[in-house]
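# Structural overview for review
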Amino acid sequence: MFLRGRPITMYIPSGIRSLEELPSGPPPETLCLDWVYGYRGRDSRSNLFVLRSGEVVYFIACVVVLYRPGGGPGGPGGGGQRHYRGHTDCVRCLAVHPDGVRVASGQTAGVDKDGKPLQPVVHIWDSETLLKLQEIGLGAFERGVGALAFSAADQGAFLCVVDDSNEHMLSVWDCSRGVKLAEIKSTNDSVLAVGFNPRDSSCIVTSGKSHVHFWNWSGGVGVPGNGTLTRKQGVFGKYKKPKFIPCFVFLPDGDILTGDSEGNILTWGRSASDSKTPGRGGAKETYGIVAQAHAHEGSIFALCLQRDGTVLSGGGRDRRLVQWGPGLVALQEAEIPEHFGAVRAIAEGLGSELLVGTTKNALLRGDLAQGFSPVIQGHTDELWGLCTHPSQNRFLTCGHDRQLCLWDGESHALAWSIDLKETGLCADFHPSGAVVAVGLNTGRWLVLDTETREIVSDVIDGNEQLSVVRYSPDGLYLAIGSHDNVIYIYSVSSDGAKSSRFGRCMGHSSFITHLDWSKDGNFIMSNSGDYEILYWDVAGGCKQLKNRYESRDREWATYTCVLGFHVYGVWPDGSDGTDINSLCRSHNERVVAVADDFCKVHLFQYPCARAK
C-alpha cells in the first residue's frame, strides 16, 4: 500500500492463496454503547438536569446521557444509562422543557469524516422514546450553540438560543414548528446563561462577561422573523461591576438573583419609581439592584431554585454549596471534597437529594446534611493510555490530567485513581494482573502493584515520551517503545515486580507507535511514525530480522499494529497515514476494532486484508 507516496510492503501469509477467499462483508457483530464514564463539567455549563422520570440528564462528547442512579445516596453507582445519540459533534448545552420530558441539546460546529463542515444545530427530542422531534437552526448558527432555554409561562412553546458567534446572536424559536420568530445581536462579550422569566415569556435575561441584559420580546408569533427584541442593560451603580456573571435565577416574587465572579449574589428587583430614564419602555422592563450578599470566595458557578423556595449557590474556589432562605439568609452549607473540583452545576433530585456536577468531571449525589459521594467520574483532559485486565472485567486509563484510573466494568465505577504527577501515555497489565506498567511523557516508566497501588519499579529510558508498553504473553519480557526510535526490552520476574534491562531494538528511523509480541514470546512486530513495519528477534538478542518475508506466517499474541497485511483493509482511500490511531483484534480473532481521526470506532472482520 502507499501512504504519503511511500510504498509499504506487506507479505501475504503462505496459507492464503488469493485475497478473494478472505471475508469481505461487515462482521456479524455490531457495537452498542453500553456505558459512558465521565461528565463534561470542566468547560461547560447548563449541563445537568433531572427529568420527570427521575433520570439525570447530562452530556459528554457527542452523547447525551440519561442516568438512573441505583441504590441510596452514598451507595454504589449501580444504576442504568440510556443515551441520546442524535448529535454529530460535541454537545455544549442542554435545556429541559417544563413538561420534564422533552430536552433541547445544542451542538458545536464540526467536520464529518470527509472533512466537510457540519453546521451547529439544536435538537429537541423526547427523553422517553429518545426520538428526535425537531431540528432547529440548521444554517442559522455560526460556531456552535452556547446557551439555550425553554419558556415556562406558556407550556414551553418557545426556545431561546444564544450562538457562539462574535455577536452572540440571540434568537427566539417556535418549538413545535421549528421556525425563528426573532433575532438580534446581543453583545461581543461572552454570554454564559440565558433564561425566560417563568411568569412572562416576553421577558428574557442573558448574562456573561461583565453584563446582565434584560430583553423584552414582542410580536412575531404569527409571522416568522417578525418579532422584535429590545435590550435594557443591568446597571450596577454603586456596586462593583463583576468580571463575569455565570448564572442567575428567577425568584417566585419576580426578583432575579445573579451569581458573579466576585462571589456576590445580587438581588435585582423591578422598580418603576426608581427608573432614571423615564419614558423608555414600561416599568416592567426596569430592574435595579436592591440587595447584595457576599456568598463565596471566588466565583459563583451555579444557582438553583429549589421546590421549597430556597436557593442553592455553588462556589468555584471555595467548593461550597450554600442554601439561602428569604432575604438571603444562609440556612446551611456543605463543602465538596477538593479532589472532585469546584461546583459547576446543581440539580434537585427526588426528595431532599441533590445532584452536583463538578469542574473535575464528577457527578456527586447526596444532601447538605449527609454530604456527597460520586456516582459518575471521568478524566479531565485528553486520554491516551488504555489497557484491559487479563482476567477481570476491569480496565485502566491514563492521560494528560496525570491521573491513573482503574475502572470496574461490572459496577461501572472508579475502583481507584492516583496522581502520577506526570502525563501517562500508555499502559499494560502483566499477564498475572498483579502489576501494571505505565509509560510517561518524560521517558520514565513505572510498575505499580494493582492491589496496594504501590510503585514497585521506577525506571527512565531516554528523555522522550513513551508511546507503547507491552508485556510478552508469558510475562517474561516487557517491551517499551519510545519517541527516541528505540524499543527497550526488559526481562521480568515471575510476579512482575522486578525487571532488568535485557537489550534494545534499534533500527527504526522514526518514533515507535505500536508493537505486538508473537504468541511464543520470542518476536516483536513494530510500527513507526514514518510507516515502517519491522520485525525483531528478542530471544535471539534483540536483532532486527532483515528478511521480513520470513515473518509472514508468524502468529501474534495481540494485534494492535495499524500497519500489516492482516489490517490492510481498514485504511480509507487517500489516507495521509495518520487517520487510524489505534486498533485491537478481539480475543477470538474474528473481528478488529479501529479508532480513527474522525471520532469513530469501526468493526471489521479479521483478517481485514481487502479494501473497504
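Computed from a predicted structure; not experimentally measured.

Confidence in the prediction for the protein chain averages 92 pLDDT; 95% of positions are at 70 or higher. Long-range and interchain partners of residues 72–77, a stretch whose pLDDT sits below 50, account for 10 contacts in this model, where long-range means more than four residues apart.

Turning our attention to the UniProt feature "domain: EML-like second beta-propeller" (unreviewed entry) in the protein chain. Residues given the UniProt feature "domain: EML-like second beta-propeller" (unreviewed entry) here are residues 383–611. What you have in residues 383–611 is 0% helix and 49% strand, and the ends, taken at the C-alpha atoms, are 30 Å apart.

Among the secondary structure elements, N197 is positioned in strand 17 (residues 191–197). With a relative accessible area of 2%, N197 lands in the buried category. Reaching out from N197, the side chain makes a polar contact with the backbone nitrogen of R199 at a distance of 2.9 Å. Excluding residues that lie within four positions of it along the chain, N197 makes contacts with C203, F250, R270 and Y287.

Under the counting rule described, the total for this entry stands at 18 aromatic pairs. Measuring from ring centre to ring centre gives 5.2 Å for Y37 and W407, while their planes differ by 65 degrees; the resulting arrangement is edge-to-face. Here Y37, found in the loop between strand 2 (6–7) and strand 3 (48–50), pairs with W407, found in strand 35 (residues 403–408); they are 370 residues apart in sequence, far enough to count as distant. Summarising the aromatic geometry, the rings of F214 and W268 are spaced 5.6 Å apart at their centres and angled 55 degrees between planes, so their arrangement reads as tilted. Of this pair, F214 sits in strand 19 (residues 211–218) while W268 sits in strand 23 (residues 264–270), and the two are 54 residues apart along the sequence. Residue classification places F214 among the buried residues on the basis of a relative accessible area of 4%. In this structure W268 comes out as buried when scored by relative accessible area, which is 0%. The residue whose ring lies beneath R344 is F301, and the NZ or CZ to ring-centre distance is 4.5 Å. The side chain of R552 reaches across the aromatic face of Y549, ending 4.0 Å from its centre.

With numbering matched to this structure, UniProt assigns "repeat: WD" (unreviewed entry) to residues 376–408 and 505–538. When the span residues 376–408 is considered, its composition is 0% helix and 58% strand, and the gap between its end C-alpha atoms is 12 Å. Overall, residues 505–538 shows 0% helix and 56% strand. The separation of its end C-alpha atoms is 8 Å.

Counting 28 residues, the largest nonpolar core has I8, Y559, L563, V570, W571, L583 and V592 as its most contacted members. Those elements giving two or more residues to this core turn out to be strand 46 (523–528), strand 47 (533–537), strand 49 (580–585) and strand 50 (591–596). Apart from residues no more than four positions distant in its own chain, L563 is found in contact with M1, L3, I8, N527, Y531, E532, I533 and W571.

Next up on the list: the state of the cysteines. Tallied over the entire structure, the rule returns 0 disulfides. Unpaired in this structure, C160 has its nearest cysteine sulfur neighbour in C175, at a distance of 10 Å. We note that C599 lacks a disulfide partner, and the nearest cysteine sulfur, in C62, lies 6.0 Å from it.

This brings us to the pairing of strand 26 (residues 311–315). For strand 26, the buried fraction is high: 5 of the 5 residues fall into the buried class. Side-chain alternation along strand 26 places V311, S313 and G315 on one buried face and L312 and G314 on a second face that is also buried. With 5 bridges joining them, strand 25 (residues 300–305) and strand 26 adopt antiparallel strand pairing. When the bridges of strand 26 are listed, I300 appears paired with G315. Counting the residues in the hairpin turn of strand 25 and strand 26 gives 5 residues, including G309, whose phi is positive at 90 degrees.

It is worth spelling out the sheet that holds strand 50 at this point. Taken together, the 3 strands give an open sheet; going across it, the order is 49-50-51, and neighbouring strands pair in antiparallel fashion. Two strands close off the open sheet at either side, each with one partner strand: strand 49 and strand 51 (601–605). For this sheet, the mean inter-axis angle between neighbouring strands, taken without regard to orientation, is 25 degrees.

What counts and how
- Residues numbered from 1 in each chain as written.
- Predicted model: local features only at pLDDT ≥ 70, side-chain atom pairs only at ≥ 80, totals over all residues.
- Heavy atoms only, no water.
- pLDDT = per-residue confidence, 0-100.
- Contact = heavy atoms within 4.5 Å.
- UniProt positions renumbered as here; feature names shortened; annotations may be inferred.
- Helix = DSSP H or I, 4+ residues; strand = E, 2+ residues; numbered from the N terminus.
- Buried < 20%, exposed > 50% of the residue type's maximum accessible area, 1.4 Å probe, protein only.
- Polar contact = N/O pair within 3.5 Å; in protein donor to acceptor, adjacent residues only side chain to side chain.
- Phe/Tyr/Trp six-rings, centres within 6.5 Å; stacked < 30°, edge-to-face > 60°.
- Lys NZ or Arg CZ within 6 Å of the ring centre and 35° of its normal.
- Core = buried A, V, L, I, M, F, W, Y, C linked by side-chain atoms within 4.5 Å.
- Disulfide = S-S within 2.5 Å.
- Pairing = 2+ DSSP bridges.
- Axes fitted to C-alpha atoms, helices over the stretch in contact; angles between N-to-C directions.

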